[in-house]
Amino acid sequence: MAETASRAPRILVVGPSWVGDMVMAQSLFMTLKQRHPGATLGVVAPGWSLPILERMPEVDEAIALDVKHGEFGWRTRRELARQLKGRFDHAIVLPRSLKSALVPFLAGIPKRTGFTGEQRYWLINDRRQLDKGVLDQTVKRFVALGLDAQTSAQGDFPLPHPRLRVDAERQASLRETLDLGARPAIGMMPGAEYGPAKQWPLAYFRELAQTLISQGHTVWILGGPKDVEAGETIVEGLEHARNLCGKTRLADAVDLLAACEQVVTNDSGLMHVAAAVGTRIQALYGSSSPAYTPPLSDDAHIHYLALSCSPCFQRTCPLGHHDCLRQLTPSLVLRAMQ
């Protein structure tokens, strides 16, 4: 349906299912608001991501779609589509799966944009072919879907950096309630949801933490409930080191990362959160590629050895040695921090 000059478009984005991807999707949201002044922007996303979307001023409405991982969720999708019927002119579907395109189709949204994939030809009526050579980064693929087909096919367009709103009052409250002290903080994120092949050795995190603490810093370990044990391995017996894994919510992590002087992080969702609050980043890449999912920041140092076996994009090291990360020593990272 053509957008009329008399009314700004109402756009619905079906968002991704990973923390880092959701942060990078803000580049698309920024682009849409710049290209369509006055547009209304709604985002369909997993319930856990709503605290991130609430920190994005471009998002007018965050709409939860809570379907378990691997579950088709036909009834849930159909009910959400019923609620959205008649409310949007244009839908942009970021995931390439068939099920992700169902809600806009069932809601009868006239224009539905997405990349061709998973035999969903009849669900997407503004289909784009994905040229991975041109759109060689996740963020480029997201932003491209907010542009006309000719512009996006060229691959040469601005990529605005995500910028999450920081709640200064909440940040101060967290420092007090978690008893975090006044020392300058270094954040460490030892987790990586995708798998251990993306994780820097815990012994390296601990060694670096010891050195930083001796230099007058405090170290905060951030992550989810799955990272609690890793955090304990790093902080055990160390004064001025706090394991906050599993003790904070996603919104809290936004404010705590903004309070850090620097962060040392695997290629993870929280790395992208740190980039979006403007904190200096020491990003550790092994099995993944900084060319594909870089932190969108002008203040990031990329640590990547580019060994012949990397990036392999595997969850576990297929060769069993993890050299792509083991050869990245704490001294190399410390030198970059200083």
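These notes cover the structure that comes with them. Note that this is a predicted model, so its numbers are computed, not measured. (Residues numbered from 1 in each chain as written. Predicted model: local features only at pLDDT ≥ 70, side-chain atom pairs only at ≥ 80, totals over all residues. Heavy atoms only, no water.)

1. Regarding the nonpolar core
Val 13, Phe 29, Leu 53, Trp 220 and Leu 257 are the most contacted members of the largest nonpolar core, which totals 57 residues. At 6 residues, helix α12 (residues 269-276) tops the list of elements feeding residues into this core. Setting aside residues no more than four positions away along its own chain, Leu 257 makes contact with Met 189, Leu 222, Val 263, Leu 270, Val 273, Ala 274, Val 277 and Thr 279. Counting residues in each nonpolar core, the second largest holds 24 residues, with Met 188, Trp 200, Leu 208 and Leu 328 among its members. (Core = buried A, V, L, I, M, F, W, Y, C linked by side-chain atoms within 4.5 Å. Buried < 20%, exposed > 50% of the residue type's maximum accessible area, 1.4 Å probe, protein only. Helix = DSSP H or I, 4+ residues; strand = E, 2+ residues; numbered from the N terminus. Contact = heavy atoms within 4.5 Å.)

2. Things to note about the packing of aromatic side chains
Under the defined criterion, the tally for this structure stands at 4 aromatic pairs. Look at Phe 105 and Trp 122: their rings are 5.3 Å apart centre to centre, the planes differ by 85 degrees, and that puts the pair in the edge-to-face class. Here Phe 105 is found in helix α5 (residues 102-106), whereas its partner Trp 122 is found in the loop between β5 (111-115) and β6 (126-128), with 17 residues between them in sequence. Overall, the relative accessible area of 28% leaves Phe 105 in the partly exposed class. Residue Trp 122 is classed as exposed on the basis of its relative accessible area, which comes to 53%. Look at Trp 200 and Tyr 204: their rings are 5.4 Å apart centre to centre, the planes differ by 70 degrees, and that puts the pair in the edge-to-face class. You'll find Trp 200 and Tyr 204 in the same group, each marked buried. Among the aromatic side chains, those forming a connected cluster through ring pairs are Trp 200, Tyr 204 and Phe 205. (Phe/Tyr/Trp six-rings, centres within 6.5 Å; stacked < 30°, edge-to-face > 60°.)

3. Let's talk about the pairing of β5
As a general feature of sheets, a regular strand has side chains that alternate between the two faces. For β5, the tally of buried residues reaches 4 of 5 residues, placing the bulk of the element in the interior. Taken together, the 3 bridges between strand β4 (residues 90-93) and β5 define a ladder with parallel strand orientation. Bridging across to β5, Ile 92 finds its partner in Thr 113. Where β5 meets β6, 3 bridges bridge the pair, whose relative direction is parallel. Each bridged residue has a counterpart across the sheet, and for Gly 114 the counterpart in β6 is Arg 127. (Pairing = 2+ DSSP bridges.)

Keep in mind these numbers describe shape, not what the thing actually does.
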